[in-house]
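# A structural walkthrough
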Amino acid sequence: MSGPLIVLVGPMGVGKSTVGELLAGRLGTTYRDTDADIVATVGKSIPEIFFDEGEEHFRALERQAVQDALAHHTGVLALGGGAILDGSTRALLADHRVVYLSMGVDEAVKRVGLNTARPLLAINPRRQWRELMEARSLLYEEVAGATVATDERTPEEVAQAILDTTDLPERTGQAVPPGQENTRMSEQGTTRIQIAGTAGTDPYEVLVSRQLLGELPGLIGDRAKRVAVLHPEALAETGEAVREDLASQGYEAIAIQLPNAEEAKTVEVAAYCWKALGQTGFTRTDVIVGVGGGATTDVAGFVAASWLRGVRWIAVPTTVLAMVDAAVGGKTGINTAEGKNLVGAFHPPAGVLCDLAALDSLPVNDYVSGMAEIIKAGFIADPVILDLVEADPQGARTPAGPHTAELIERSIRVKAEVVSSDLKESGLREILNYGHTLAHAIEKNERYKWRHGAAVSVGMVFAAELGRLAGRLDDATADRHRAVLESVGLPLTYRGDQWPKLLENMKVDKKSRGDLLRFIVLDGIGKPTVLEGPDPAVLLAAYGEVSA
């Protein structure tokens, strides 16, 4: 039997993407989603296609996407919820191994709330959900050789149930390593890390390799007429080269130069970008491309989120910090006099291109600064990162090091897993702020002249000491923070006389609730948790451990 190893069908929100990625990992193969194919081809989200073109047009696109995937994909394939409505699609599926993932309405309420941006559930979603399922359940059962109920099951349990009900053997020799199920490798050696769509947002991929700019037109799509390339002054030549390349491919491309680093993250710079977009006639089908470090991608994403209430954007991060943190996850924003990133929006990109060649010319201090976010990912989720850094600290300080690609990919996977589960920082995503509460206070105190990674390094040492003093973290792990961070050249201390100012700055941190200070601390490596309202004396004692 040619084509996919297995095809997953089922209603929206049932978890086909998450389960599909897990299955691909267990089977040692790749994962594909026809909804993601449609978004990449058309260059706009599925809700936008429904709104602008109508359901009939979307179904035609879906029919073609399914036909192409069934003919050419050889791994795990997931179809959109309504794909089986088409008779020709059902006929094609007769020759394939199909599993129907079922879900009751109560489970649907828990998973998607039936109140997100689902184009077929706009009015009275509970009733419409039942009507949809009445119309579709028989069709799902018709095309499927097996049905697996997902109610009250974790994605891992669903994946195991699928393996139990099919004759597909696990390929342990070829399987994707644990924790990397959202990753696949293309024929060209490009690592593709998938970020799941949540709360009405579309899935997208983070690509990690070299010479990736050729992927840009495919992400932009053919519906876009205009492209705005936002870049910092320091990358004027690169920004112009990207603009010229896009112009040669038929786009009306403009370049918008931003100030360097955190000076770009102001409302005045955002207003300058809005003016340029307005004068260019930028529409909702046009695309913004952010080429630069974390500040540039933050501004590019925020401008994209706010222009016409949201246009598509693509991140092309050029620093370690931007690749592993700022460009992934959809958090965009600018700074104000009152604090960092207090004005912003959650607006995921359409794709992220992490071209490792950009790191070759990065100044060593900027490269080392980005290592703070990588080390953070090691402490909160992936201890292999810490092992790799400790094995070769000098190698970790340079893009020529033996583990550069793996360190970056592992860090991105940590963030990918978190943001795929919690886009808007309502729960799990807070763990990504480990060390950031004090770090942001330091950055504000230094008027954003300190590198972000340097501040995060001090912030993590502070958080480790806070966890230790609160009885949450063992001495060895707290001490390991200092050893790992210092080994790559990151700072461990800050001025002791600044505590009163820092304390005031932390009170307006985004994680605070009213007057209650909240910190992410560790119960152990890979075990982040929230510490609320710690005793002021404990806070002061922890800061004493990082005071210079």
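Read on for a plain summary of the structure. What you are looking at is a predicted structure, and each value in this text was computed from that prediction instead of being measured.

Here the focus is helix H19 (residues 452-469). Taking 1.5 Å as the rise per residue, H19 with 18 residues should run 26 Å; its terminal C-alpha atoms sit 25 Å apart, in good agreement. Counting buried residues along H19, 16 of its 18 residues qualify, which places the element largely inside the surrounding structure.

What follows covers the pattern of salt bridges. As enumerated under the stated definition, the model contains 31 salt bridges in all. Taken together, the shared-partner salt bridges in this structure form one network comprising Glu465, Arg468, Asp475, Asp479 and Arg482.

Another point: the pairing of strand S7 (residues 191-195). Most of S7 is tucked away, with five of its five residues classed as buried. Every second residue of S7 is oriented toward a common face, with Thr191, Ile193 and Ile195 on one face and Arg192 and Gln194 on the other, all of them buried.

Strand order in this open sheet of five strands is S2-S3-S1-S4-S5, and the pairing throughout is parallel. Each edge of the open sheet carries a strand with a single partner, namely strand S2 (31-33) and strand S5 (146-149). Strand-to-strand, the axes of this sheet are offset by a mean angle of 25 degrees, without reference to chain direction. Note: strand S1 (residues 6-9) against strand S3 (residues 76-78), three bridges, orientation parallel. Within S3, the residue paired with leucine 8 across the bridge is alanine 78. The strands touched by helix H1 (residues 16-27) within the sheet are S1, S2, S3 and strand S4 (98-102), with S2 carrying the most contacts at an inclination of about 160 degrees.

Moving on, we come to the packing of H19 against helix H20 (residues 475-487). In contact at an axis separation of 9 Å, H19 and H20 are set at 170 degrees when each is read in the N-to-C sense. In terms of their interaxial angle, H19 and H20 are classed as roughly antiparallel. Contacts between H19 and H20 involve Ser457, Met460, Val461, Ala464, Glu465 and Arg468 on the former and, on the latter, Asp475, Ala478, Asp479, His481, Arg482 and Leu485. Considering only residue class, the contact of H19 with H20 consists of five nonpolar, two polar and five charged.

Time to look at the packing of aromatic side chains. In the structure shown here, the tally under the stated rule is seven aromatic pairs. For the pair phenylalanine 50 and phenylalanine 58, a centre-to-centre distance of 4.9 Å together with 40 degrees between the ring planes defines the contact as tilted. For phenylalanine 58, a relative accessible area of 4% puts it in the buried group. Where phenylalanine 462 meets tryptophan 499, the ring centres are 6.2 Å apart and the plane angle is 45 degrees; that geometry is what we call tilted. With phenylalanine 462 in helix H19 and tryptophan 499 in helix H21 (residues 499-506), the pair connects residues that are 37 residues apart, well separated along the chain. This pair shows no difference in class: phenylalanine 462 is buried, exactly as tryptophan 499 is. Pairwise contacts between aromatic rings join Phe462, Trp499, Phe519 and Tyr543 into one cluster.

Once that is clear, we can look at the packing of helix H18 (residues 436-445) against H21. Each pair of packed helices gets described by two things: the angle between the helix axes and the distance between those axes. Interaxial distance between H18 and H21 falls to 9 Å at its minimum, and their mutual angle equals 115 degrees. The angle between H18 and H21 places the two elements in the roughly perpendicular class. Crossing of H18 against H21: the hand is right-handed. Residue-level contacts link Thr437, Leu438, Ala441, Ile442, Lys444 and Asn445 of H18 to Lys501, Leu502, Asn505 and Met506 of H21. Its residues placed into classes, the contact of H18 with H21 shows five nonpolar, three polar and two charged.

In this section: the environment of glutamine 249. Position of glutamine 249 relative to the elements: it lies in the loop between helix H10 (236-248) and strand S10 (252-258). Since its relative accessible area comes to 42%, glutamine 249 is described here as partly exposed. Taking C-alpha positions, glutamine 249 is 8.1 Å from proline 217, a pair spaced 32 residues apart along the chain.

This part is about the nonpolar core. By size, the foremost hydrophobic cluster in this structure holds 95 residues, and its most contacted members are Val206, Ile288, Met371, Ile375, Ile412, Tyr434 and Phe462. Discounting chain neighbours no more than four positions away, the residues touching phenylalanine 462 are Leu438, Trp499, Phe519, Leu539, Ala542, Tyr543 and Val546.

A few words on the pairing of strand S17 (residues 528-532). In this sheet, S17 lies alongside strand S16 (residues 518-522) in antiparallel orientation, the contact comprising five bridges. Within S17, the residue paired with phenylalanine 519 across the bridge is leucine 531. Connecting S16 to the next strand, S17, in antiparallel fashion are five residues, including glycine 526 with a positive phi near 75 degrees.

What follows concerns unusual backbone geometry. If you check the backbone angles, glutamate 152 has positive phi at about 60 degrees while not being a glycine. Tracing the backbone shows glutamate 152 in the loop between S5 and helix H8 (155-165). The phi angle at alanine 261 is positive, at roughly 55 degrees, despite the residue not being glycine. By secondary structure assignment, the location of alanine 261 is in the loop between S10 and helix H11 (267-280).

Rules used throughout
Residues numbered from 1 in each chain as written. Predicted model: local features only at pLDDT ≥ 70, side-chain atom pairs only at ≥ 80, totals over all residues. Heavy atoms only, no water. Helix = DSSP H or I, 4+ residues; strand = E, 2+ residues; numbered from the N terminus. Expected span 1.5 Å × (residues − 1). Buried < 20%, exposed > 50% of the residue type's maximum accessible area, 1.4 Å probe, protein only. Salt bridge = Lys/Arg side-chain N within 4 Å of Asp/Glu carboxyl O. Pairing = 2+ DSSP bridges. Axes fitted to C-alpha atoms, helices over the stretch in contact; angles between N-to-C directions. Contact = heavy atoms within 4.5 Å. Parallel < 35°, antiparallel > 145°, perpendicular 65-115°, else oblique. Nonpolar A, V, L, I, M, F, W, Y, C, P; charged D, E, K, R; others polar. Phe/Tyr/Trp six-rings, centres within 6.5 Å; stacked < 30°, edge-to-face > 60°. Left-handed = near helix turned anticlockwise from the far one by under 90°. Core = buried A, V, L, I, M, F, W, Y, C linked by side-chain atoms within 4.5 Å.

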